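# Topology and contacts: notes
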Amino acid sequence: MFDSVLRDWEGESLVIHRDVPSGAWILIAIHSTRLGPAAGGTRMKQYPAVEDALCDALRLSKGMTLKFAAPGLPYGGAKAVIMLPDGFEPGGRRELLRRYGEHVKALRGVFYTGPDFGTTPNDMDVIAETGSPYIFCRTPEAGGAGDPGPYTAFGVLTGMRAVCEHLHGDASLASRRVLVQGAGDVGGALIPLLVAEGAQVVFSEVDDRLIRYFRDEVGVEFVPAEDALGDECDILAPCALGGVLDETTIPRLRCAAVAGSANNQLGSREDAERLRARGILYAPDYIVNAGGAMAITSLEMRGGTPEGARDEIATYVRRALLRMFEVADREGITPDGAALRMAEEHLAGAVAA
Ligand code: PHE
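Residues numbered from 1 in each chain as written. Predicted model: local features only at pLDDT ≥ 70, side-chain atom pairs only at ≥ 80, totals over all residues. Heavy atoms only, no water.

## Focus on the sheet that holds strand 8 (residues 221-222)
- One open sheet holds the six strands; their spatial order is 8-7-6-9-10-11, and the pairing between them is parallel. Of all the strands in the sheet, just strand 8 and strand 11 (281-282) have a single pairing partner and so form its edges.
- Inspection of the sheet shows strand 7 (residues 200-204) paired to strand 8 by two bridges, in the parallel sense. Its bridge partner lying in strand 8, valine 202 is registered against glutamate 221. (Pairing = 2+ DSSP bridges. Helix = DSSP H or I, 4+ residues; strand = E, 2+ residues; numbered from the N terminus.)

Okay, structure coming up:
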C-alpha cells in the first residue's frame, strides 16, 4: 500500500514523527517546493488508522501545490496532519502544539503552515512560540493576519457569481438556491454573504451548536446532513471535509453546479468526468477556495491590505473560472482538467509568474 500511495502522490518529502508523550502521529507532507517554500495548513483530528491520516496529508498537500501554482504565486504545496490518539486529553493540546512547532522550525523554512480543519489562529500562536517565523495566521494580537476563513468565503462567493455568469449570462445570486454543506469556519462566513446577495440559502451541519445558531438565530433553512447532497438546488457548496463527490454520490445530485470551499471534493479525478456527464458544472475546489491562502500570503508576506487582497481574489477567481469553463466547453474536457493544465503550466515554468 505504502509503495503505490507514495508513487501516486509524486511529492518531494514526507516527515513522520511519533509524538511519544501524547501518542499522536505528526505527518508533514511536502509535495512541491518548485515555485517556493511549501505552504499548507495543519489539520488536527482523529482518523480510523494511520494510513487514513497519511492519505489525507498526501492528497491535501498536492492540492496546495495546485492552489498556489494556478494563480502563479511563489509557493509550493504541503500539508501537515496531527493525528490525535483515542481519548486525547484537551489539556495536552498546548504542549503537543509546542512540540509540533519544534518540528516545523527544524525544517528551516522549507515548510510554512497555517490553520486547517481542527486548528485555529490561537493554535498558530502556540505553534509559533517554538516554530516561528514559519507560521501564518497568528492572531492579530500576536502580529498575524488571523482567521483566513472570511477571505476564503469571499472567494467562494466570487466563484458562485462566476458560475451564474457562465450558466445564465448574469452573475447575480438573487433567488438562486444555494446549499452550504458545513457551517464551520468558511461555510459559516459564507452564509451571511449569500443572504446579503439575496440568495435562497439552505445549510446542512452536524454540530448542534452551529445548527442552533444558523437555523434558530440567523433564520437559515436547515437540511439534515443525509439529505444535503440530494437537495434540488442551483449551487451545491461543499464546505466540510473532502471526498464528497464520487461514484455513489454523483448519481444522487440534483444541483446545476458545485462550487464550495472543501479541499479535495472529488474522490478521484474521474469524478470530474462523472459530473460533466451529468451536466453538472464543477468549479475546481483549489481555484474556488484559494482566497484564504492568497490573502494571507499577501497580508503577511507582501505587505498587502485587506482591500487589496479582496480585489486580487475577486479578479483571480472570476477570471480563472470563466476561462476554465470556456476551455472545457471548447475542448470537451472538464473544468478540473482545464484547471490542472493551468497549474501545470506554471509548475513547468511555461508561464511567467
Ligand atoms: N487551510 C488553508 C488552505 O487549505 C491553509 C492555509 C491558510 C495555507 C493560510 C496558507 C495560508 O488553503
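## Overview of the layout of surface pockets
- By volume, the largest pocket amounts to about 1,000 Å³.
- Surrounding the largest pocket, 47 residues form its lining, Pro115, Asp116, Phe117, Asp185 and Val186 being those nearest its centre.
- Secondary-structure elements contributing two or more residues to the lining of the largest pocket are strand 3 (38-45), helix 2 (50-69), strand 5 (111-115), helix 5 (149-168), helix 8 (225-228) and helix 11 (291-301).
- Tallied by class, the residues present in the lining of the largest pocket amount to 21 nonpolar, 18 polar and eight charged.
- Residue contributions to the lining of the largest pocket reach at least three from each of two domains, namely domain 1 (3-60 + 76-142) and domain 2 (149-347). (1 Å grid on protein atoms, 1.4 Å probe; cavity = no way out; pocket = protein on both sides within 12 Å on 5 of 7 lines; lining within 4 Å. Points joined across faces, edges and corners; volume = space filled by probe spheres on them. Nonpolar A, V, L, I, M, F, W, Y, C, P; charged D, E, K, R; others polar. Domains from an automatic or database assignment.)

## Topic: the packing of helix 5 against helix 12 (residues 306-331)
- Contact geometry of helix 5 with helix 12 gives a least axis separation of 9 Å together with a crossing angle of 35°. In this structure, the crossing between helix 5 and helix 12 has a hand that is right-handed. Here Tyr151, Phe154, Gly155, Thr158, Gly159, Ala162, Val163, Glu165 and His166 of helix 5 lie close against helix 12, whose contacting residues are Pro306, Ala309, Arg310, Ile313, Ala314, Val317, Arg318, Leu321, Leu322, Phe325 and Asp329. (Axes fitted to C-alpha atoms, helices over the stretch in contact; angles between N-to-C directions. Left-handed = near helix turned anticlockwise from the far one by under 90°. Contact = heavy atoms within 4.5 Å.)

## Remarks on the sheet that holds strand 5
- Judged by pairing direction, the sheet is mixed, and its five strands sit side by side in the order 1-2-4-3-5 without closing on themselves. Single-partner strands in this sheet number two, and they are strand 1 (13-19) and strand 5. Averaged over all pairs of adjacent strands, the angle between strand axes in this sheet comes to 20°, irrespective of strand direction.
- Across seven bridges, strand 1 lies against strand 2 (residues 24-32) in antiparallel orientation. Its bridge partner being in strand 2, isoleucine 16 is matched across the sheet by leucine 27.

## Notes on the domain arrangement of the protein chain
- You can read the domains of the protein chain as domain 1 (3-60 + 76-142) and domain 2 (149-347).
- For domain 1 and domain 2, the distance between their C-alpha centres works out to 25 Å.
- Counting residues at the interface gives 15 residues for domain 1, matched by eleven residues for domain 2.
- Of the roughly 1,000 Å² buried between domain 1 and domain 2, counting both surfaces, carbon and sulfur atoms make up 58%.
- Here domain 1 and domain 2 share zero salt bridges between them.
- Inspection of the domain 1/domain 2 interface yields three residue pairs in polar contact (both at pLDDT 80 or more).
- Mapped onto the side of domain 1 that touches domain 2, the elements with two or more residues apiece are strand 3 and helix 2.
- A breakdown of the residues in the side of domain 1 that touches domain 2 according to their chemical character gives seven nonpolar, one polar and seven charged. (Buried area = accessible area lost by both parts, 1.4 Å probe. Salt bridge = Lys/Arg side-chain N within 4 Å of Asp/Glu carboxyl O. Polar contact = N/O pair within 3.5 Å; in protein donor to acceptor, adjacent residues only side chain to side chain.)

## Things to note about the packing of helix 3 (residues 93-106) against helix 4 (residues 121-131)
- Look at helix 3 against helix 4: their axes get within 7 Å of each other, and the N-to-C directions meet at 50°. Between helix 3 and helix 4, the angle falls in the class oblique. Seen along the crossing, helix 3 lies across helix 4 with a hand that is right-handed. Residues Arg93, Arg94, Leu97, Arg98, Tyr100, Gly101, Glu102 and Lys105 of helix 3 form the contact with helix 4, whose participating residues are Asp123, Val126, Ile127, Glu129, Thr130 and Gly131. (Parallel < 35°, antiparallel > 145°, perpendicular 65-115°, else oblique.)

## Overview of helix 13 (residues 335-347)
- Under the 1.5 Å per step criterion, the end-to-end length of helix 13 is 18 Å for 13 residues, consistent within 8% with the ideal 18 Å.
- Of all the positions in helix 13, only Pro335, Asp336, Ala338, Ala339, Leu340, Met342, Ala343, His346 and Leu347 are classed as buried.
- Elements that come into contact with the buried residues of helix 13 comprise strand 2, helix 2, helix 9 (270-277), strand 11, helix 10 (285-288) and helix 12.
- After helix 13 finishes, the residue glycine 349 shows a positive phi value of roughly 75°. (Expected span 1.5 Å × (residues − 1). Buried < 20%, exposed > 50% of the residue type's maximum accessible area, 1.4 Å probe, protein only.)

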